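Structural features, examined
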Amino acid sequence: MHMADTIRVIVVEREPLFRHGLVSVLESIDGIEVAGSADSVEATYRLADEASPVVALIGTTLTEAPGLSFAAEMRRRYPAIATIVIAAHESDDELFSAIRAGAAAYSGRDISEQTLRELVTRAATGEYVINEQLLSKPYVAARVLDQFRTNSTADAAISHALMPLTDRELEILRKVSDGMTNAEIGYALGISAQTVKNHVTSILRKLAVNDRTQAVVTALRRGWLSIEIDSAIEPETAGVTSTPTSRLGAANLS
């Protein structure tokens, strides 16, 4: 396929059977072209340089780059290529690492053809589908938000001076981070839900993001927004402690 809207994808996986299986499935999907596959770091760099892919599917079993360090390096070297991490064994810790690595999506090997098509298509348009996975796991969300909050404090003053949002837009984004819907925000601020929606659209455009989740995370990373992470503090019982949760984790950000 060589249509103008064809999504060029490369597959990076050490284990040959799984690599060939991914390639075979992708080749059967309309609108996706497999530009090549690789089983090592150096072969991937050559392929990325020669094939100019839009999306890279990256397994976590490469021996030269354990874990998700290679996914992070790919994002550093090729920021225009969206990365989808395919984990040998899914875990919350790996999801957290995938978010830190800048991955657009994260999935285990039991991914269905339909889900794979959706992840590739959405990643190719610049979406970070991984945000939805983050919101479904409050513990991981708390860790991510805590790290972003810590990392943002040093540059907060500089970042705030460069903030493109108006005071009203920042106020609305803060309420979005609290999990409020457009109707709830409108009621709280004494404006219509449509006006809130217009402000949200402006926020997404100014921050160059695709959804409300990305807007909150972007504002948090740049020090424009702070989010308290609520932890249930309970006495330890039989060695079991409480798990921190985040208001963002329960937010309706669709």
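Refer to the preceding data block for the structure.
The notes below deal with the structure included here. Since we're looking at a predicted model, the values are computed, not measured.

Thoughts on the packing of aromatic side chains
Applying the stated criterion across every chain yields a total of 2 aromatic pairs. Judged by centre distance (5.7 Å) and plane angle (50 degrees), the rings of tyrosine 45 and phenylalanine 70 are tilted. Here tyrosine 45, found in helix α2 (residues 41-51), pairs with phenylalanine 70, found in helix α3 (residues 69-77); they are 25 residues apart in sequence, far enough to count as distant. Taking the centre distance of 6.4 Å and the plane angle of 40 degrees together, the rings of tyrosine 45 and tyrosine 78 count as tilted. Note that tyrosine 45 is positioned in helix α2 and tyrosine 78 in the loop between α3 and β4 (82-87), a separation of 33 residues in sequence. A relative accessible area of 14% places tyrosine 78 in the buried class. Put simply, the rings of Tyr45, Phe70 and Tyr78 pair up and form one aromatic cluster. Here arginine 77 stacks its cationic end above the ring of tyrosine 45, 3.8 Å away from the centre of that ring. Positioned over the ring face of phenylalanine 18 is arginine 109, at 4.3 Å from the centre of the ring.

Considerations on the packing of α2 against α3
Taken N-terminus to C-terminus, the directions of α2 and α3 make an angle of 25 degrees; their axes are 12 Å apart at the nearest point. Comparing the axis directions of α2 and α3 gives the class roughly parallel. At the point where α2 passes α3, the crossing takes the right-handed sense. Where α2 approaches α3, its residues Val41, Thr44, Tyr45 and Ala48 are matched on the opposing element by Phe70, Glu73, Met74 and Arg77.

Some words on the pairing of strand β5 (residues 105-108)
Of the two faces of β5, both are covered, the one formed by Ala105 and Ser107 as well as the one formed by Tyr106 and Gly108. By the bridge criterion, 4 bridges tie β4 to β5 in an arrangement that is parallel. Looking at β5, one finds that valine 85 is bridged to tyrosine 106.

Quick word on the environment of valine 12
Positionally, valine 12 belongs in strand β1 (residues 7-12). Sequence separation between valine 12 and valine 85 is 73 residues, and the spatial gap between their C-alpha atoms is 9.6 Å.

Here's the deal with the sheet that holds β5
Spatially, β2-β1-β3-β4-β5 is the arrangement adopted by the 5 strands of the open sheet, whose pairing is parallel. For this open sheet the edge positions go to β2 (32-38) and β5, each flanked by a neighbour on one side alone. Along the sheet, successive strands turn relative to each other by an average axial angle of 20 degrees, direction set aside. Pairing between β1 and β2: 6 bridges, direction parallel. The residue of β2 that forms the bridge with isoleucine 10 is glycine 36.

Definitions and limits used
- Residues numbered from 1 in each chain as written.
- Predicted model: local features only at pLDDT ≥ 70, side-chain atom pairs only at ≥ 80, totals over all residues.
- Heavy atoms only, no water.
- Phe/Tyr/Trp six-rings, centres within 6.5 Å; stacked < 30°, edge-to-face > 60°.
- Helix = DSSP H or I, 4+ residues; strand = E, 2+ residues; numbered from the N terminus.
- Buried < 20%, exposed > 50% of the residue type's maximum accessible area, 1.4 Å probe, protein only.
- Lys NZ or Arg CZ within 6 Å of the ring centre and 35° of its normal.
- Axes fitted to C-alpha atoms, helices over the stretch in contact; angles between N-to-C directions.
- Parallel < 35°, antiparallel > 145°, perpendicular 65-115°, else oblique.
- Left-handed = near helix turned anticlockwise from the far one by under 90°.
- Contact = heavy atoms within 4.5 Å.
- Pairing = 2+ DSSP bridges.

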